[in-house]
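# Analysis of the macromolecular model
What follows is the residue order along each chain.
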Amino acid sequence: MKAFVAAASLAACLFAPTAMARQESAPDADQARIDALIKGLHFQTGDIALGDAGAHLHVQPGFRYLAHDDTRTVLEKLWSNPPDDDVIGLLVPDNAPLDSDHGWAVLVTYSSDGHISDDDAAKVDYTQVMADMKAASADENEERRKGGFEEVNVIGWAQPPRYDAAGKRIYWARELEFKGATQHTLNYDIRVLGREGYLSMNAIAGINDLAMVQDGMTRVLPMAEFDSGHRYADFQPGSDKLAAYGLAALVGGGIAAKAGLFAKLGILLLAMKKFVILGVVAIGAFLKKMFGGKDKPPSGTVS
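Attention in this report is confined to the structure presented alongside it. (Residues numbered from 1 in each chain as written. Predicted model: local features only at pLDDT ≥ 70, side-chain atom pairs only at ≥ 80, totals over all residues. Heavy atoms only, no water.)

### Topic: the overall build of the protein
Definition in use: Counting from the N terminus, the helices are DSSP H or I runs at least four residues long and the strands are E runs at least two residues long. With a 1.4 Å probe rolled over the protein chains alone, any residue whose accessible area is under 20% of its type maximum counts as buried; one over 50% counts as exposed, and the rest are partly exposed. Residue contacts are counted whenever heavy atoms from the two residues lie within 4.5 Å of one another. Every accessible area reported is derived by Shrake-Rupley at a probe size of 1.4 Å, with residue values counting cover from the shown protein chains alone.
Within the protein one finds seven helices and 15 strands. Buried positions account for 52% of the 303 residues belonging to the protein. Across the protein, contacts joining residues at least 24 apart in sequence account for 63% of those joining residues at least 6 apart. Surface accessibility of the protein: about 13,800 Å² in total, with carbon and sulfur atoms responsible for 52%.

Rendered as structure tokens:
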């Protein structure tokens, strides 16, 4: 994990604010635009094929699914994020509309970094993993302060990592603090391991909605399943690609420095407003690309 901390300290993340939630003070024209965008979405239920991931999502009652194009509409037009063509879809709970104050959704992405060994599953010290994440966050905050951006701190586990060895699923929840936010943020993650990579299902809400999100994610946990030939048990040693990291680095949110790569995360975040983190990238290049070195993100965002 020390290698991960070294890698993480060299990276930063950009968060883009969403459209305003439904409020009486919102301009009528803006609310009409939001209503039109949501009305134009094509919600799906039942069994959903997840394209190149070689997997299916069995959408259960209480949730609806948005495919790639509709997901981009939500992320880019409703929530004002930069374009990202790598998203697969979005799971939306029926009891939490996309434009409500307590709205939350589950972003589905796929990583083909290779087969992740779970040999260390029983040996991972998640107390140490959390300590490493806090240290990495402190290093990143120093860079944020230098760049004039607000701080984000990892507070601790809202739910410690649990590994389902039979289902090859690992899930956990973190509590985050965004400087200036009125409440802490809940970051709930599920990873489903497969032959050549993993499916990622990420949800975010305010920490006050922990019970609601935990209940929802318990129902989301078994929904994703790899197809025959793409399952974890289908791995062929000696011919299939092995990931350069294990469960500890997967939970920690990064890849060991020796891999020479950064993990693309797909995480929805909420702090005062909703945010989407679109990836882990080099600090200077990404900020220069997004802002041209001229303007800082709106108050409440982080790099």
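### A look at the packing of aromatic side chains
Cut-off, in case you're wondering: When two rings of Phe, Tyr or Trp (its six-membered ring) have centres within 6.5 Å they constitute a pair, described as stacked for plane angles under 30 degrees, edge-to-face for angles over 60, and tilted for the intermediate range. Should the NZ of a Lys or the CZ of an Arg lie within 6 Å of a ring centre and within 35 degrees of the ring normal, that charge is described as sitting over the ring.
This structure, assessed with the given rule, holds three aromatic pairs. Taking 6.1 Å as the distance between ring centres and 80° as the angle between the ring planes, the aromatic pair formed by Phe63 and Trp104 counts as edge-to-face. Here the residue Phe63 occupies a position in strand β5 (residues 63–66), and Trp104 occupies one in the loop between β6 (89–93) and β7 (106–111), the gap between them amounting to 41 residues. Assigned by exposure class, Phe63 and Trp104 land together as buried. Between the aromatic rings of Tyr126 and Trp157, the centroid separation amounts to 6.5 Å while the plane-to-plane angle is 85°, which identifies the pairing as edge-to-face. On the criterion of sequence distance, the pair formed by Tyr126 in helix α4 (residues 126–146) and Trp157 in strand β8 (residues 152–164) is long-range, its members being 31 residues apart. The cationic tip of Arg64 hangs over the ring face of Phe43; the distance from NZ or CZ to the ring centre is 3.8 Å.

### As for the sheet that holds strand β12 (residues 224–226)
Put simply, the test is: Strands qualify as paired when DSSP identifies two bridges or more between them. The convention used is that axes are lines fitted to C-alpha atoms, helices contributing only their stretch in contact, and that angles between N-to-C directions extend from 0 to 180 degrees.
As summarised here, the arrangement of the three strands in space is β3-β4-β12, forming an open sheet in which the pairing is antiparallel. Single-partner strands in this sheet number two, and they are β3 (46–49) and β12. If you compare each strand with its neighbour and ignore which way they point, the axes differ by 25° on average. Direction of pairing for strand β4 (residues 55–59) relative to β12: antiparallel, over a ladder of three bridges. Looking at β12, one finds that Ala55 is bridged to Phe226.

### Describing the sheet that holds strand β11 (residues 198–206)
The strands making up a sheet associate through backbone hydrogen bonding, with each pair oriented either parallel or antiparallel. The sheet built from seven strands is open, its strands ordered β5-β6-β7-β11-β10-β9-β8 with antiparallel pairing. For this open sheet the edge positions go to β5 and β8, each flanked by a neighbour on one side alone. The sheet shows a mean angle of 20° between the axes of neighbouring strands, direction not considered. Taken together, the six bridges between β7 and β11 define a ladder with antiparallel strand orientation. Bridge pairing in β11 places Val106 opposite Ala203. Lying on the sheet, helix α3 (residues 68–78) is in contact with β5, β6 and β7; it crosses β5 at an angle near 95°. Contacting β5, β6, β7, β8, β10 (185–193) and β11, helix α5 (residues 210–220) crosses the sheet at an angle of about 10° to β10.

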